[in-house]
Amino acid sequence: MEKVYILAIESSCDDTSASVLCNDKVLSNEVANQAVHQQYGGVVPELASRAHLQNIVPVVATALQKAGINKSELSAVAFTRGPGLLGSLLVGTSFAKAMAMGLGIPLIEVNHMQAHILAHFIDEGQPKPSFPFLAMTISGGHTQIVQVNSFFDFRVLGETLDDAVGEAFDKTAKILGLPYPGGPLIDKYAQEGNPTAYSFGKPNIPALNFSFSGLKTSILYFIQKQTEQNPNFIAENLADICASVQHTIIEILMKKLKRAAKETGIKHIAIGGGVSANTGIRNALQALGAQYGWHTYIPKFQYCTDNAAMIGIVGYYKYLQEQFVGQEVTAQARLSLGR
């Protein structure tokens, strides 16, 4: 079998990542995080793009070095075209275009959300989803349920009408005075708390769509009311608050997933995106799988958050189909899953 070496670049938000794949196997997957945003309690787009400019050359160099190959051996360069922060995307897109042109090799554009879904096909000896399967993509910017019919045939069955689930976690953490990024901290404290200690309003959204803005407001008002009565309420009840919030979010997600599985009859269910690293969500999916006879697929932690290996696996399958783009390609902050 011919060896295809893909250099992949991911720069959609605040992580600069480069990966080298040989066919569907990862040889290296380097990620440079940006600590600069912590003091602001969220990602500052201008600072993110500047940090990408500083990080991209050393990250790519390290990925090639760790993969043990020379850039002259590369078959193609794959990059995240969108969706994401435009300034951040421009850095990765420009670098990928320049490198592909300099090496005289094909250029492959990748949709960031497709990559989260197809990360399950990175070959590490694990079972892979069978088509068609349902994928729930959950991240700071997206919450979707997608029917995946093939590597390049995606049908969005439902999505958030306002805020994404990751944003609900991070906003709650901010209300509780936890540092950014707060989602992983809520997960950590939730494991020590009572998930039914407090109840929050769940939105009644039709079909398979989601909404998290009302939940965020419900949490905010609850915390404001409690801290008026007891200024130490958060400190004294942090684990229970986190556990109750996480429990509510998981119930919202799993209710929709059960409905999607029932309506489609599909029993292969996968999750992806940064929030799929949440232990509560992972455990809930496995429990539902055991209850309903689903085949469940959960990505390794390093393939949940933004990383270039997932860009590379899409790049590999696009390479086999010769789905290349020219130098006129531009970054797109908004990009539908069909692209």
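Each value, and the rule that gives it
Residues numbered from 1 in each chain as written. Predicted model: local features only at pLDDT ≥ 70, side-chain atom pairs only at ≥ 80, totals over all residues. Heavy atoms only, no water. UniProt positions renumbered as here; feature names shortened; annotations may be inferred. Pairing = 2+ DSSP bridges. Helix = DSSP H or I, 4+ residues; strand = E, 2+ residues; numbered from the N terminus. Axes fitted to C-alpha atoms, helices over the stretch in contact; angles between N-to-C directions. Core = buried A, V, L, I, M, F, W, Y, C linked by side-chain atoms within 4.5 Å. Buried < 20%, exposed > 50% of the residue type's maximum accessible area, 1.4 Å probe, protein only. Contact = heavy atoms within 4.5 Å. Parallel < 35°, antiparallel > 145°, perpendicular 65-115°, else oblique. Nonpolar A, V, L, I, M, F, W, Y, C, P; charged D, E, K, R; others polar. Expected span 1.5 Å × (residues − 1). Polar contact = N/O pair within 3.5 Å; in protein donor to acceptor, adjacent residues only side chain to side chain. Salt bridge = Lys/Arg side-chain N within 4 Å of Asp/Glu carboxyl O.

For the protein chain, the name recorded in an unreviewed UniProt entry is tRNA N6-adenosine threonylcarbamoyltransferase, with Capnocytophaga bilenii as its organism. Turning to the protein chain, the UniProt annotation filed under Sequence similarities (unreviewed entry) states: "Belongs to the KAE1 / TsaD family."

Focus: the sheet that holds strand E10 (residues 295-297)
Spatial strand order, E8-E7-E6-E9-E10: five strands in an open sheet with mixed pairing. The open sheet has two edge strands, strand E8 (153-159) and E10, and neither has a second partner. Shown here is a sheet whose adjacent strand axes are inclined to one another by a mean of 25 degrees, direction ignored. With four bridges connecting them, strand E6 (residues 133-138) and strand E9 (residues 268-272) associate as parallel partners. The partner of leucine 134 across the bridge, within E9, is isoleucine 269.

Describing the nonpolar core
Grouped together as the largest cluster of nonpolar side chains are 47 residues, with contacts concentrated most on Phe212, Ile223, Ile249, Leu253 and Ile281. Within the residue set of this core, elements represented by two or more residues are E6, helix H4 (165-175), helix H5 (183-190), helix H6 (213-229), helix H7 (233-264), E9 and helix H8 (279-292). For this core, the element with the highest residue contribution is H7, accounting for 15 residues. Discounting chain neighbours no more than four positions away, the residues touching leucine 253 are Met136, Ile138, Thr143, Val165, Phe210, Phe212 and Ile281. Residues Ile108, Phe121, Ile122 and Val314 belong to the second largest nonpolar core, which totals 34 residues.

Section: H4
Those residues of H4 lying buried are Val165, Gly166, Ala168, Phe169, Thr172, Ala173 and Ile175. Contact partners of the buried residues in H4: E6, strand E7 (143-150), H5, H6, H7 and H8. Positive phi appears at glycine 177, one or two residues downstream of H4, with a value of about 80 degrees.

Focus: the packing of H5 against H7
Running from amino to carboxyl end, H5 crosses H7 at an angle of 110 degrees, the nearest separation of the two axes being 7 Å. Between H5 and H7, the angle is such that the two are roughly perpendicular. In this structure, H5 contributes Ile186, Asp187, Tyr189 and Ala190 to the contact, and H7 contributes Leu238, Ala239, Cys242, Ala243 and Gln246. Among the residues making up the contact of H5 with H7, the classes are represented as seven nonpolar, one polar and one charged.

Looking at helix H9 (residues 308-320)
In an α-helix there are 3.6 residues to a turn, and that puts residues three or four apart on one side. With 13 residues, H9 extends 18 Å from end C-alpha to end C-alpha; this agrees with the ideal 18 Å at 1.5 Å per step. Of all 13 residues in H9, twelve are buried; the element is thus mostly enclosed. The elements touched by buried residues of H9 are strand E1 (5-10), strand E2 (16-22), strand E3 (25-32), strand E4 (76-82), strand E5 (107-111) and helix H3 (112-118). With a side-chain oxygen lying 3.1 Å from the backbone nitrogen of alanine 309, the N-terminal cap of H9 falls on asparagine 307. At the exit of H9 stands glutamate 322, carrying a positive phi of roughly 55 degrees.

Side note on the pattern of salt bridges
Under the defined criterion, the tally for this structure stands at nine salt bridges. One salt bridge in this structure joins aspartate 163 and lysine 216, with 3.0 Å as the shortest N-O distance. In this pair, aspartate 163 is assigned in the loop between E8 and H4 and lysine 216 in helix H6, connecting sequence segments 53 residues apart. Judged by its relative accessible area of 11%, lysine 216 is buried. Among the ionic contacts, a cluster of salt bridges with common partners joins Lys25, Asp123 and Lys128.

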